[in-house]
Every structure is written in C-alpha cells, then in structure tokens.
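Fold and geometry: a report
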Amino acid sequence: MTEQNYQFPDGFWWGSATSATQIEGAANQYGKGQNIWDHWYNVQPERFYNQVGPEHTSDFYHRYKEDIALMKEFGHNSFRLSISWSRLIPDGIGNVNEEAVSFYNNVIDELIANDIEPFVNLFHFDMPLPMQEIGGWENREVIKMYQQYAKKAFELFGDRVKRWFTFNEPIVPVEGGYLYNFHYPNVVDAKRAIQVAYHTIIAHATAVQTFRELNVTNGKIGIILNLTPSYPRSEHKADQKAAHIADLFFNRSFLDPAVLGEYPEDLINLLKEHDHLPQTEDGDAVLIKENTIDILGVNYYQPRRVEAKEYLPNPYSPFMPDWFFDSYEMPGRRMNEYRGWEIYEKGIYDIMINLKENYHNIESFISENGMGVQGEERFLENGQIQDDYRITFIQDHLKWLHQAITEGCNAKGYHLWTTMDNWSWSNAYKNRYGFFSVNIDTMERTPKKSAYWFKQISEQNGFQA
C-alpha cells in the first residue's frame, strides 16, 4: 500500500494546550486567591485521585522558561494557556495582583521571544471562591465581575496577545457542577444548571463586546467548545430524535449562540415544555446576536452515541437531559480503556463539515485532542516513554482533519492536550497526556517518543503515512 502525503496549509498552528490550575502550581503563593478547586480539595480531599490536590501540579509557575524552551525545541509555533482569574484578581473583583501581572507578562514575552504565538483563554473551570460564594454563574453580578476581569486582561496583555478565548468547555462546569456531581459545587438541579449555562453565554458575549470596544489591534476573540458529535443507533426516527436532542443539549446550547447569535428554536421549545427556561433580561438577545465570535476552538476526544429511551424516565427523578435518550454502545467500537472513551477519528471530520455547512465555515482549529494513559511508565525504554499509541492516535485524527481541509473546511491548526503531563482535576495524575513526562517527585521533564515525532511533522508541516 503506497504512502500518502498529508501536507497542511502554510501557517498551520502546531502546538499544545494547558490550563492554569492544571500546570501552574504555586496555588497558595505569590498573592493568588483561592478558586473552587483549592477549596474543594481542602474540604473533600478524598474526592481526588490519591488525594493529590491542585498545589501539586506541574510547577509551570517556576519552570515556564524551561517548558517554553522545550516547546520551541519540539516544534511548537503556538501554545494555548489560560489566565487564572483568582491569581490575577485574588478576590475575583478589586485589586490586581502585581506578581501575577509580572508572571503572565514574562510567560507571554518568553513565548513570543521563542516564536511561539500565545493563545490566551480567560476561564477554564476555575471560578474564584469569593465569586462562587455569592452564587457563581447563577448570579448575574458575577457576569459584571468577569467582564471587569476580562477587560483588565485585554488591557494588560492585548498589545501582544492576538488570539483570545472567553471560556474553555463551558458545558463542563454545567454538567459537572450542576447536573452530574463531578465538579464543585456538586449540585444536581437542571433548572440551576440551565441558568448557569445561560449566564455563561451572557458573560461570554459581554467579554466579546468589551474586547471589541477596546479595539485590540489585529486581535480575534472566540470560545473553545468540546464538541461531541451525536450519532444515532439507527435511521429510525426515534433514534434520530434522541441524537438530535443530545446534540441540542451538549453541542448547540453553546455553539449556536456563540457562532450564529441565537439559540436553537427546538431547544427553547423543549425547555419551555418542561418549565426549565432560564431567567433572561431585556437586551440579552441583542447582546448575543451582536457579539458572535471570530474564531472557534474545537476540543474533540470522543463521539456521543445514543438511542431512543428503553424506559420512560422516573417522573419523580430530577429533570435531566438523559430523559430523552440512552447511551448506545456500538458493537466493535475501539476504546481508550484507561479513560473509558471511544476512539473515533472520523468525528473530527464530521465536526468540521458541520461547521462548514451550518456555521458559516467559521475560522477554527483543533484546540484539544489527546489520549490519556494510566501507568505510562510501563512503556519506558532507555529513558524514553515509547508512546506509539499516542502517535497513532494523533496521526489518525490528523488524517481526517486533513481530509476536511481538502474539502474546504476553515481549520487552521492542531493543539494536543497537553504539553507536559498535568494534574487532571479530580483524576490528578492518574492518566498521562503530555508530550513530556513529568516526574512528580523531582518535576523533571523528559520528552516522550511522541514529542520527537511531533517536532518532525511540525518542521515538515505534515507527514507521510
């Protein structure tokens, strides 16, 4: 079988993605305030794998020069990081922490000095604790405080940062914090969840509006969404309807307002029928309509496969999206057994075709894709982790991304989750995702085989396979 050449467009973004809480460390140092993760770990450390909390992350705060040098050496021309709201403004509102300003300035300057473009995200699951204590995204006052934080970040760093993102995976705090009990504040209440989701979109649109008013030169602003294509079990209309509703809840609830400036009519009608519409204010619809995004980050890990409900939901149970569909385990599916996720590379193509056909072919890029593996030290040979499984995973997804680009999709880059092995929320260091392994005791970084492979494809702007 002859090899095919997968060449990517000039200027393609090769890099990786991280978040502040997951890599910075120094969680209680240098003026940083507490966020919900610091607090949750303090009150329920047993909810965290091996009881490892956010203070034990990968120490990027002290090692950013070393890490950025590794990124440069191994083919990064772009890198996505997030700013910690509770580090920059420790109480969520009020005084700015000058040590944080210096830190983020130094990181941004170091990236640019190494010809790595910084992509900066403002919010990655890390609500400042004082903001959560007054209701978090349930409280519209917090939107104003977020807007002030966003404005301060734009003013401080917007002279050098040209690609901004308001939120990463905003559906996850909704699911984890207010539906399925895997993030703080561990509420199970769909009405509150829907209000949180709605206020997040209002916060997002407000930040976009603020960015445009500040007229950040040559800057673009977007949002990062984890899109999970919803595939029905069959062509039966009941299965098709189940997949459509799953898509409304988990993809289009953020994708449509962010890109098209309005919510899907079907979603509004469904929530209305079940008395779960959020509270809105005059002017919200115009705000959303007038502040759509310039660029979309797409996080893709797995598909969602669904079928029609086998049994009617318990009428006494809490209202949930799952009232309308069941998960479907497709025979023969390939799994990442460590994470419990299906591996389905074509999903990346289907997402891009959907964006092309239904979302104005918006400028986009793969902002996260990756494979977490437990016990990765098993694959250590001669001091290097032989993560051929990760190379295969990335390459197979890139083939489908290349196909989408060939068919006219406006995809501009690929960022792996993640740069160096990092702390994964309540899973801590259970699964490893990075190009660089991190020794948790010494914090030493060591490139994996995948780092050398990525360097090669970045330098060649493609690969043969």
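Above this note sits the structure.
The rules behind the values
Residues numbered from 1 in each chain as written. Predicted model: local features only at pLDDT ≥ 70, side-chain atom pairs only at ≥ 80, totals over all residues. Heavy atoms only, no water. Core = buried A, V, L, I, M, F, W, Y, C linked by side-chain atoms within 4.5 Å. Buried < 20%, exposed > 50% of the residue type's maximum accessible area, 1.4 Å probe, protein only. Helix = DSSP H or I, 4+ residues; strand = E, 2+ residues; numbered from the N terminus. Contact = heavy atoms within 4.5 Å. Pairing = 2+ DSSP bridges. Axes fitted to C-alpha atoms, helices over the stretch in contact; angles between N-to-C directions. Parallel < 35°, antiparallel > 145°, perpendicular 65-115°, else oblique. Left-handed = near helix turned anticlockwise from the far one by under 90°. Nonpolar A, V, L, I, M, F, W, Y, C, P; charged D, E, K, R; others polar.

1. Considerations on the nonpolar core
Buried together is how nonpolar side chains tend to be arranged in soluble globular proteins. Counting 134 residues, the largest nonpolar core has Trp85, Trp137, Tyr146, Trp164, Leu398, Leu401 and Tyr414 as its most contacted members. The element contributing the most residues to this core is helix 9 (residues 190-214), with 13 residues. Leaving out residues up to four positions away in the same chain, leucine 401 has contacts with Phe12, Ile348, Met352, Ile366, Ala411, Gly413 and Tyr414. Within the second largest apolar cluster, six residues are counted, among which are Phe119, Ile224, Ile295 and Phe365.

2. A closer look at the sheet that holds strand 6 (residues 220-226)
The eight strands are arranged 2-3-4-5-6-8-13-17 in a closed barrel whose pairing can be described as parallel. Between one strand axis and the next, the sheet turns by 25° as a mean value, whatever way the strands run. Pairing analysis gives five bridges linking strand 3 (residues 78-82) to strand 4 (residues 117-121), with the strands arranged parallel. In the sheet register, phenylalanine 79 faces strand 4, and the bridge partner there is proline 118.

3. Side note on the packing of helix 9 against helix 10 (residues 237-260)
For the pair helix 9 and helix 10, interaxial distance at closest approach is 11 Å and the crossing angle is 25°. Accordingly, the angle class assigned to the pair helix 9 and helix 10 is roughly parallel. When you trace helix 9 past helix 10, the crossing you get is right-handed. When helix 9 is examined against helix 10, the residues Ala197, Thr200, Ile201 and His204 are found in contact with a partner set consisting of Ser253, Phe254, Pro257 and Ala258. Of the residues in the contact of helix 9 with helix 10, the class split is five nonpolar, three polar and no charged.

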